[in-house]
Amino acid sequence: MAKDFDPHRLDIRRFAEEGAELEATDPVGRYRRLVAETDGGADRQVQWRARGEILNPQHVLPQVWLHLAAETTLPLVCQRCLHPVEVPLAVDRSFRFVSDEATAAAEDDEAEEDLLALSHSFDLLELIEDELLMELPVAPRHETCPVAVTLSASDPAFEAAGAEKEHPFAVLGKLKVAK
């Protein structure tokens, strides 16, 4: 059944009506924006799984759902010590699809779930990439850095250069005495 569905051009309604599932393991290099955030992680793997579901199928407006799970571990740069740090990312979300963008915008404030517009050629891999990008930490860092981190708010060379300069008021004092 899964052979009928292309994750790049997924007919969401049909996918949900059939209760279909897709899953794969892709190289991170397949996701351009995600690999741009890594420190050489193009060879890593993203494991993902998607399942469609129709709720209230007998209703006039049945609900179309997509359940998505994805995970990977990416090498990022620790913002404390500037060395590589392995950051696990995991996504487990459900999305309800509505008829169009206007409906999604109108219902978004009141809905607890994520809303997307229904499409006959939905790019599932782009959604996976978007969700993983949102899971990236703003400032990745080690729990305990592998090297000692020097935390200093002053530079000794800067302090020494400042000490060598003559104070501006001392120059004025010399002018006053010279008269």
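Keep in mind that this is a model prediction, so the values were computed, not measured.

S.K.: Before we move on, can you summarise the pairing of strand S2 (residues 45-55) with the specific residues and values?
M.R.: Pairing of strand S1 (residues 21-27) with S2, which is carried by seven bridges, proceeds in the antiparallel orientation. Note on S2: the bridge partner recorded for glutamate 23 is arginine 49. Direction of pairing for S2 relative to strand S3 (residues 63-77): antiparallel, over a ladder of nine bridges. Across the sheet, the residue bridging to tryptophan 48 is alanine 70, located in S3.

S.K.: Break down the sheet that holds strand S5 (residues 114-117) for me, with residues and values.
M.R.: Read from one edge to the other, the open sheet built from five strands follows the order S1-S2-S3-S4-S5, with strand pairing classed as mixed. In the strand order of this sheet, the two ends are held by S1 and S5, each with one partner. The average angle at which neighbouring strand axes cross in this sheet is 25°, direction not considered. Here helix H4 (residues 124-135) sits on the sheet and contacts S1, S2, S3, strand S4 (84-98) and S5; the angle it forms with S4, its principal contact strand, is near 130°.

S.K.: Mind laying out the pattern of salt bridges, listing which residues take part and the relevant values?
M.R.: Applying the stated rule across the entire model yields 10 salt bridges. Where arginine 14 meets glutamate 18, a salt bridge forms, and the shortest distance between an N and an O atom there is 3.2 Å. With a shortest N-O distance of 3.2 Å, glutamate 107 and arginine 96 are connected by a salt bridge. Here glutamate 107, found in helix H3 (residues 101-108), pairs with arginine 96, found in strand S4; they are 11 residues apart in sequence, far enough to count as distant.

S.K.: Pulling in residues and values, what's your account of a negative patch on the surface?
M.R.: Among the surface-exposed residues, Asp108, Asp109, Glu110 and Asp114 lie close enough to one another that they form a single negatively charged patch. Considering the arrangement of structural elements, one finds glutamate 110 in the loop between H3 and S5.

S.K.: Lay out the side chain of threonine 72 with the relevant residues and their values.
M.R.: Tracing the sequence through the fold places threonine 72 in strand S3. From its side chain, threonine 72 meets the backbone oxygen of glutamine 45 in a polar contact 2.6 Å long. When sequence neighbours within four positions are dropped, the list of residues in contact with threonine 72 reads Val28, Gln45, Val46, Val87, Pro88, Leu89 and Leu132.

S.K.: Go over the environment of tryptophan 48, please, and point to the residues and values.
M.R.: For tryptophan 48, the location among the structural elements is in strand S2. Not counting residues within four places of it along the chain, the set of residues in contact with tryptophan 48 comprises Pro7, Leu22, Glu23, Ala24, Asp26, Tyr31, Ala69, Ala70, Leu124, Leu125 and Ile128.

S.K.: Kindly report on H4, identifying the contributing residues and their values.
M.R.: Taking 1.5 Å as the rise per residue, H4 with 12 residues should run 16 Å; its terminal C-alpha atoms sit 17 Å apart, in good agreement. Of all the residues in H4, the buried ones are Leu124, Leu125, Leu127, Ile128, Glu129, Glu131 and Leu132. Measuring from the backbone nitrogen of leucine 125 back to the side-chain oxygen at the start of H4 gives 3.2 Å, which picks out aspartate 123 as the cap.

What counts, and at which threshold
- Residues numbered from 1 in each chain as written.
- Predicted model: local features only at pLDDT ≥ 70, side-chain atom pairs only at ≥ 80, totals over all residues.
- Heavy atoms only, no water.
- Pairing = 2+ DSSP bridges.
- Helix = DSSP H or I, 4+ residues; strand = E, 2+ residues; numbered from the N terminus.
- Axes fitted to C-alpha atoms, helices over the stretch in contact; angles between N-to-C directions.
- Contact = heavy atoms within 4.5 Å.
- Salt bridge = Lys/Arg side-chain N within 4 Å of Asp/Glu carboxyl O.
- Patch = residues over 30% accessible without salt bridge, like charges linked within 9 Å, V, L, I, M, F, W, Y side chains within 5 Å.
- Areas by Shrake-Rupley, 256 points an atom, 1.4 Å probe, with all protein chains shown as cover.
- Lys, Arg positive; Asp, Glu negative; His and termini not counted.
- Charge placed at Lys NZ, Arg CZ, Asp CG, Glu CD.
- Polar contact = N/O pair within 3.5 Å; in protein donor to acceptor, adjacent residues only side chain to side chain.
- Expected span 1.5 Å × (residues − 1).
- Buried < 20%, exposed > 50% of the residue type's maximum accessible area, 1.4 Å probe, protein only.

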